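Here's the letter readout for the chains.
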Amino acid sequence: MSAVSEKVLTIDALLEEHRVIHPPAAFRAGALVKDDRVYEEADRDLEGFWAREAERLDWFRRWRRVCKWDPPWVKWFLGGRLNAAHNCLDRHVATHPDRVAYFWEGEPGDTRRLTYRELHHEVGRFANALRRLGVRRGDRVAIYLGMVPELPVAMLACARIGAVHSVVFGGFAADALRDRIDDADAEVLITADGSWRRGKVVPLKASADEAVKACPSIRTVVVVRRTGEKVPMTPGRDLWYDDLVKAETSDCPPEEMDAEDPLYILYTSGTTGKPKGILHTTGGYLLGVSTTHRLIFDIHPEQDIYWCAADIGWVTGHSYIVYGPLANGTTSILYEGAPDYPDKDRWWSIAEKYQATILYTAPTAIRAFMKWGPEYPARHDLSSLRLLGTVGEPINPEAWMWYWKAIGGERCPVVDTWWQTETGMILITPLPGVTRLKPGSATRPFPGVQPDILDENGNQVAPNQGGYLVLRRPWPAQFRTIYGSPERYVEQYFSKFGKGIYLTGDGAKRDDHGDFWLLGRIDDVMNVAGHRLSTYEVESALVDHPAVAESAVVSRPDPDAGEAIVAFVTLKAGVNGDETLIAELREHVAKKIGKLARPHAIVLSADLPKTRSGKIMRRLLRDVARGRALGDVTTLANAEVVEEIRALARTRHEE
Ligand code: WTA
């Protein structure tokens, strides 16, 4: 009996977390949203709410109709015309040209700053260059860069001329790049000689060359100079970015795009399967990300220095480094490199140097900082921070508390934001001036969003029961299809419970107050002695122990219990892991959530396998725990740890 084939009716939610933190009065006083009216408005009249928000964007032509929901197909702002780059740049140049759009810091310590005027100028020149290369409205352009200013410039240049960008994360290898270029049939690839990561050069051009060998659709490769490597340039195909833009003026009239015209494709593989090209369109997407960015991060564009520390290669960077913040005229920090280079306090030195007021990052980063210890943030003055955010995985309550205390000084609300590449924008989240926070809970739906939790038969589960998280009502930034695979779009997301119900693939529970707790992917649910347990709760119980920084829990078949729990645990720096500690950890889980959830085996390891976006890959640990050959490892970021863990698991600590 395995968790995957077993029909998951509901999930037994066992972890109880009762801490509540109210929005600090000082924060609340200056917040954009101070009461619940915005929720009531959106509930009463969803289309009216979004139409009012849409007034904040610049439209070349007004829409005829706000939303057409023909499940599972949706359109927003029908008939409306606008341009995303125009909205992100031109209107700010008109009112505050000298405001900084990006403070950029390279990993070696070099810096650049681009005001809105300068960014507009760069984008216009590169957009003209792309036009000169024959790129037209609707054409696909692949972008494979590190975190350099040319990355947002290239995205916005595409948007300006109506080309569809497909950004491929700069940490992916040649094969992944090739598959993505191929699927999108991109004609131009924008890359760099290299990028900096932990003091070493990532050879982007070499990977690009290898990928393009097998991509007949690519006519031109544009190469940004970053690391100064000598790289081979193929005549007739490869062009230096500098040479290309030198001759161009910045005057580039934006294409008038239909609200439903594609803006970009972004591939997501999740933790399994063939990459899917998630297709986002222009009007609804830009509106959804700008509204959520403004209200959730409480953006005061004249004052805030906002830092989303994700990579632009992921959706978090698309929505909350590029389109949302720029649409709102925000000043952002952009950092090129690793958080522990040259030392483990790099982020805190950047936050202090630029006086960051808002920081948005992932639980995986927070757990790494927890593991390294509070002395690194303590070296720096972080008093400019006023708001913190997290995204990407369920955050364990202890990691939340650590973030709140060690980084936020118990002064900054923490917004735990739930969303997906597919949803385009944040959907479940606190609004920091009004929502009472609970460590580990993403709290409530964003205004107008209607999530629900269902059992296998499509019935709503009772409070505190876990089940399938679904969405019942459309929202403007949702993806419109999987590029080239509309049948897969319908099959994968809208077939289980019917055409009008979007299946997220996540498990969740709602507590007595209606607050949402995300329980991880449904595929990871375990079945122990007839109880369906989420990995997240057992992991959180382990992370609750003061010695533990991070944990990943999986199951393996067991003759008595159906499945037995195997926990992989990473300890905080300086903690000694011995048999006594392992026994203590098992008891700690029993005490926190019950004997039932006590791990059968605990493996201590220095690190856990993660995807390149930092999510724990339980699938591989399941293979290790079951002594099987490893499944697909192409999206794995740190391959070496799996072999180490496999060796450790052979000597694992059994009951
Ligand atoms: C997980 C990232 C719990 C979830 C924006 C989702 C979260 C997947 C949270 C999407 C959160 C994201 N709490 N889980 N706050 N945010 N997830 O496509 O499993 O990279 O389905 O988009 O990350 O990951 P993706």
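Just so we're clear, the structure is a prediction, and the values are computed from it rather than from any experiment.

A.B. asks: Help me understand the overall build of the protein in this model?
C.D. replies: Helix and strand counts for the protein stand at 20 helices and 32 strands. Against the 2.2 N^0.38 benchmark of 26 Å for 655 residues, the protein shows a C-alpha radius of gyration of 24 Å, consistent with a compact globule. By its C-alpha atoms, the protein is 70 × 60 × 50 Å across when sized along the principal axes. Looking at the 655 residues of the protein, the share that counts as buried comes to 64%. For the protein, the proportion of contacts with a sequence separation of at least 24, taken over those separated by at least 6, is 72%. With 83 positive and 90 negative side-chain charges, the protein shows a spacing of 2 Å between the two charge centroids.

A.B. asks: Help me understand the nonpolar core in this model?
C.D. replies: Taken as a class, soluble globular proteins show a tendency for nonpolar side chains to be buried jointly. In this structure, Phe126, Phe297 and Tyr323 are the most contacted members of the largest nonpolar core, which totals 138 residues. Ignoring any residue separated from it by four or fewer positions in sequence, one finds Phe126 in contact with Val153, Ala154, Ala157, Ile190, Val222, Tyr241, Leu244 and Val245. Grouped together as the second largest cluster of nonpolar side chains are 58 residues, Trp307, Tyr335, Leu359 and Trp400 included.

A.B. asks: How should I be thinking about the UniProt feature "modified residue: N6-acetyllysine" (unreviewed entry) in the protein in this particular structure?
C.D. replies: UniProt marks Lys615 with the feature "modified residue: N6-acetyllysine" (unreviewed entry), using the numbering shown here. With respect to the element layout, Lys615 can be found in the loop between strand S31 (601-604) and helix H19 (618-625). Not counting residues up to four positions away in its chain, the partners in contact with Lys615 are Gly392, Glu393, Pro609 and Lys610. One polar contact links the side chain of Lys615 to the main-chain carbonyl oxygen of Gly392, over a distance of 2.8 Å.

A.B. asks: What exactly am I supposed to notice about the pairing of strand S23 (residues 465-471) here?
C.D. replies: Here is the key point about a regular strand: its side chains alternate between the two faces of the sheet. Burial analysis of S23 places six of its seven residues in the buried class, which makes it a mostly covered element. Of the pairings in the sheet, the one linking strand S1 (residues 11-12) to S23 comprises two bridges and is antiparallel in character. Among the inter-strand pairings, Asp12 is bridged to a residue of S23, identified as Gln465.

Cut-offs used in this document
- Residues numbered from 1 in each chain as written.
- Predicted model: local features only at pLDDT ≥ 70, side-chain atom pairs only at ≥ 80, totals over all residues.
- Heavy atoms only, no water.
- Helix = DSSP H or I, 4+ residues; strand = E, 2+ residues; numbered from the N terminus.
- Rg over C-alpha atoms; globule rule 2.2 N^0.38 Å.
- Buried < 20%, exposed > 50% of the residue type's maximum accessible area, 1.4 Å probe, protein only.
- Contact = heavy atoms within 4.5 Å.
- Lys, Arg positive; Asp, Glu negative; His and termini not counted.
- Charge placed at Lys NZ, Arg CZ, Asp CG, Glu CD.
- Core = buried A, V, L, I, M, F, W, Y, C linked by side-chain atoms within 4.5 Å.
- UniProt positions renumbered as here; feature names shortened; annotations may be inferred.
- Polar contact = N/O pair within 3.5 Å; in protein donor to acceptor, adjacent residues only side chain to side chain.
- Pairing = 2+ DSSP bridges.

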